[in-house]
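Take a look at the letters that make up each chain.
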Amino acid sequence: MVRSSFAVVVVGGGHAGIEAALAASRLGAAVALALPNPDTLGRMPCNPAIGGPGKSQLVFEIHALGGEMGRLADATAIHGRTLNASKGPAVRSLRLQNERDGYAAAARATVEGARGVTLVRGEVADLVVAGTGADRRVAGVTLVDGRELSAPSVVLCTGTFLRGVVWYGRRSRDAGRQGEPPARHLSRSLEATGHRLMRFKTGTPPRLRSSSVDFDGLDLVPSEDPPASFSGTPGPRVLESPTWTTRTTEATHALIRENLGASAMYGGDIDGRGPRYCPSIEDKVVRFADKDHHLLFVEPDGIETSEVYLQGFSSSMPPELQDLMVRTLPGFERAEIQRYAYAVEYDALDPTQLDVTMQSRVLAGLYTAGQINGTSGYEEAAAQGLIAGVNAARRAAGMATVTVRRDQGYLGVLLDDLVRWGIDEPYRMLTSRNEYRLLHRQDNAEARLTATGHAWGLVDDARRARVAASEVRVAAEVARLGRTRDVGELAATVLCRPGESYASVAARFGAAATPLAASEAERVEVLVRYAGYIERSRKELEARSRYEAWPLEGVAYERVPSLSAEGRGALESARPATLGAAQRLRGVRDSDVTALLVHLKTRPGVPRETAA
């Protein structure tokens with residue numbers, strides 16, 4: 001047997017695998033990145049776009065912590081917009097359309113240029129396990145050709161490939177995604193080590209020949225000018241492409257209703273649960289029968305490619321029906337499909353078997369990230385990959401593990417939701433999942449998390465100093481506007497009026513002594529206009545944090561008055577370590593948390609200031 005030794009083995013080269021490998025290598029670990037075909041590294045099998053509501057906040061946080069996704073997205077952007085721009089800073093979300101092939105090329109170049117990363121071509125067949133009982137731990141992986149990659153830490157980022165099956169109507173074949181074989185053996189190894197697996201389903205829309213689309217029949221969506229960016233640079237490269245929208249019609253809906261039996265999902269062939277927040281076009285027609293149309297987004301796969309992506313039109317209908325369905329859409333009357341839509345069914349790990357470092361509670365040293373944990377989306381995968389890679393490297397080096405808490409940002413919400421609540425369908429990050437979203441905005445991600453990334457070893461001293469200096473400038477300007485008057489009016493008060501901006505206020509009251517960057521001016525506007533709401537959220541968070549860490553060790557739940565039966569069952573099953581963890585368990589109501597609070601305040605040793 002050929003054996004090679006590493007500190008960390010990362011399995012899979014999608015967005016989770018990229019972040020995991022880069023994070024581990026930046027902490028000095030020797031990393032093997034194993035995947036069957038290195039040419040697929042960084043491939044975007046669904047829409048080549050990064051960001052959107054709930055997702056852009058993750059990308060800004062990944063960047064703040066020292067991750068790579070934001071830089072790759074900026075470098076390969078061809079179209080950009082800020083979504084929810086009129087709805088307030090808590091939900092404003094950047095979305096960049098990317099050059100599909102360019103993103104993959106940039107990702108591969110970054111990984112290949114990373115010190116300490118070795119690309120290993122091959123399919124992983126088994127986990128290598130050492131020790132027994134409480135000392136049982138992962139010791140590496142074996143490939144199907146018999147090679148062994150030894151390592152004290154392994155990160156599985158297998159996407160939709162575990163026992164993957166793709167469906168075109170009622171016809172199927174074993175595959176992880178279009179044109180690529182599945183991971184045939186690793187599921188059995190996970191089950192053999194005591195892990196519980198679930199069966200999920202997702203899908204992707206058809207790609208159409210650009211020259212066959214009548215773009216004059218579509219609604220144009222121009223890019224912003226100037227474009228925003230995730231990484232804080234002046235902006236991505238010149239954005240060269242618009243996007244468009246179209247709509248389904250009654251003819252589309254009638255065709256789908258008449259042929260539901262031909263769908264793999266509605267024909268009963270697929271057992272896996274699909275994503276609620278990214279339904280197929282068949283699901284939309286059935287679940288929203290009162291709607292006479294559904295909005296679709298027509299987006300290019302790149303500047304040089306010949307394909308457009310029909311977002312919102314994923315399907316598991318057979319190809320011959322997809323041709324008919326597409327041609328019922330305005331602008332697509334003569335459209336030609338180059339790659340047909342399909343559904344993919346795959347194994348996922350029950351994420352309640354993990355802790356918030358992404359390490360398995362079942363097998364020490366094993367980390368998982370991305371769709372293997374039941375999430376959907378590039379951004380969710382990259383966020384988990386970053387955390388898993390950091391902790392895999394730290395474990396290999398004998399260092400303490402780290403994480404992002406729920407009260408620190410969207411990344412913490414993601415981790416907490418997965419491991420505390422569990423999932424019964426593919427998980428997608430939404431702004432509504434974050435109870436403190438006004439504090440966890442995309443515009444303040446660097447201010448919140450750059451110091452954390454620096455402490456982990458992913459952010460250098462120079463960048464940390466730049467961010468700190470920027471925050472000093474912003475705070476100074478907010479204070480100046482709060483004390484500067486003109487004809488009896490405070491500058492801060494004027495800035496809060498409709499139609500005013502930082503630029504207009506600076507023109508009237510004078511600009512900062514040190515000119516502010518556009519991103520700094522945006523933060524000043526947010527902090528001044530929403531000062532009252534931000535302060536209220538901050539106080540709520542502080543009040544919650546006073547009891548977040550209260551220990552529940554030794555609590556006899558059967559003796560806690562007023563607990564609901566469902567809440568008591570959830571608490572006894574999960575045995576959460578703290579009150580904060582308890583209140584996020586599925587089945588635990590607000591009234592149950594109140595009952596626990598009352599009970600805990602009667603226990604000896606509770607400080608008077610927290611018991612008040």
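Residues numbered from 1 in each chain as written. Predicted model: local features only at pLDDT ≥ 70, side-chain atom pairs only at ≥ 80, totals over all residues. Heavy atoms only, no water.

## Overview of the environment of Arg-485
The residue Arg-485 is located in strand S23 (residues 485–486) in this model. Arg-485 sits in the exposed class, given a relative accessible area of 56%. For Arg-485 and Lys-55, which are 430 residues apart along the polypeptide, the C-alpha to C-alpha distance reads 40 Å. Other than its neighbours up to four places away in sequence, Arg-485 contacts Leu-490 and Phe-509. At 3.2 Å, the side chain of Arg-485 and the backbone oxygen of Gly-488 are in polar contact. (Helix = DSSP H or I, 4+ residues; strand = E, 2+ residues; numbered from the N terminus. Buried < 20%, exposed > 50% of the residue type's maximum accessible area, 1.4 Å probe, protein only. Contact = heavy atoms within 4.5 Å. Polar contact = N/O pair within 3.5 Å; in protein donor to acceptor, adjacent residues only side chain to side chain.)

## Re the packing of aromatic side chains
For the coordinates displayed, the defined rule picks out four aromatic pairs. A centroid spacing of 4.5 Å and a plane angle of 45 degrees characterise the contact between Phe-215 and Trp-244, whose relative ring orientation is tilted. One end of the pair, Phe-215, is in the loop between strand S15 (207–209) and strand S16 (219–221); the other, Trp-244, is in strand S17 (residues 243–247), with 29 residues separating them in the sequence. The class for Phe-215 is partly exposed, based on a relative accessible area of 23%. Across from the ring centre of Tyr-427, 4.2 Å away, lies the NZ or CZ of Arg-433, which sits over that ring. (Phe/Tyr/Trp six-rings, centres within 6.5 Å; stacked < 30°, edge-to-face > 60°. Lys NZ or Arg CZ within 6 Å of the ring centre and 35° of its normal.)

## Side note on the environment of Ser-263
The residue Ser-263 is located in the loop between helix H6 (250–258) and helix H7 (281–287) in this model. The exposure class of Ser-263 is buried, given its relative accessible area of 0%. In this structure the C-alpha to C-alpha distance between Ser-263 and Ser-316, which are 53 residues apart in sequence, comes to 5.4 Å. The residues contacting Ser-263, other than those within four sequence positions of it, are Arg-170, Glu-282, Ser-316 and Met-317. Within the structure, the side chain of Ser-263 is placed 3.3 Å from the side chain of Glu-282, a separation counted as a polar contact. A polar atom in the side chain of Ser-263 sits 3.0 Å from the side chain of Ser-316.

## Focus: the sheet that holds strand S8 (residues 124–130)
Ordered in space as S1-S10-S9-S8, the four strands form an open sheet in which the pairing is mixed. Looking at the sheet topology across the chains shown, the edges are occupied by strand S1 (3–5) and S8. The average angle at which neighbouring strand axes cross in this sheet is 25 degrees, direction not considered. As defined by bridge partners, S8 adjoins strand S9 (residues 137–143) across six bridges and the pair is classed as antiparallel. In the strand pairing of S9, Ala-130 is matched with Arg-137. (Pairing = 2+ DSSP bridges. Axes fitted to C-alpha atoms, helices over the stretch in contact; angles between N-to-C directions.)

## Focus: helix H16 (residues 531–548)
For H16, built from 18 residues, the straight-helix expectation of 26 Å at 1.5 Å per residue is met to within 8% by its first-to-last C-alpha distance of 25 Å. All buried positions along H16 are accounted for by Ile-534, Ser-537, Leu-541, Arg-544, Tyr-547 and Glu-548. With its buried residues spanning 150 degrees around the axis, H16 presents them on a single face. Of the exposed residues in H16, the ones pointing more than 90 degrees away from its buried face are Gly-532, Arg-536, Lys-539 and Arg-546. (Expected span 1.5 Å × (residues − 1). Arc of directions from axis to C-beta.)

## Remarks on the sheet that holds S17
Strands belonging to one sheet form pairs held by backbone hydrogen bonds; the direction of such a pair is parallel or antiparallel. With respect to topology, six strands assemble into an open sheet ordered S16-S17-S18-S19-S15-S20, the strand pairing being antiparallel. A strand with exactly one partner marks an edge of an open sheet, and here the two such strands are S16 and strand S20 (337–339). For this sheet, the mean inter-axis angle between neighbouring strands, taken without regard to orientation, is 35 degrees.

## Quick word on the pattern of salt bridges
Inspection of the entire model under this criterion finds 45 salt bridges. A salt bridge links Arg-108 to Asp-39, with the shortest nitrogen-to-oxygen separation between them at 2.6 Å. Taken as a pair, Arg-108 in helix H4 (residues 100–112) and Asp-39 in the loop between strand S3 (31–35) and strand S4 (49–51) lie far apart in primary sequence, 69 residues in all. What makes Arg-108 partly exposed here is its relative accessible area of 26%. In this structure, Arg-171 engages Glu-320 in a salt bridge whose closest nitrogen and oxygen atoms are separated by 3.9 Å. Note that Arg-171 is positioned in strand S13 (residues 171–174) and Glu-320 in helix H8 (residues 319–326), a separation of 149 residues in sequence. Classification of Glu-320 as partly exposed rests on a relative accessible area of 47%. Beyond isolated ion pairs, a larger network of salt bridges with shared partners links Arg-100, Asp-101, Arg-207, Asp-301, Glu-307 and Arg-339. (Salt bridge = Lys/Arg side-chain N within 4 Å of Asp/Glu carboxyl O.)

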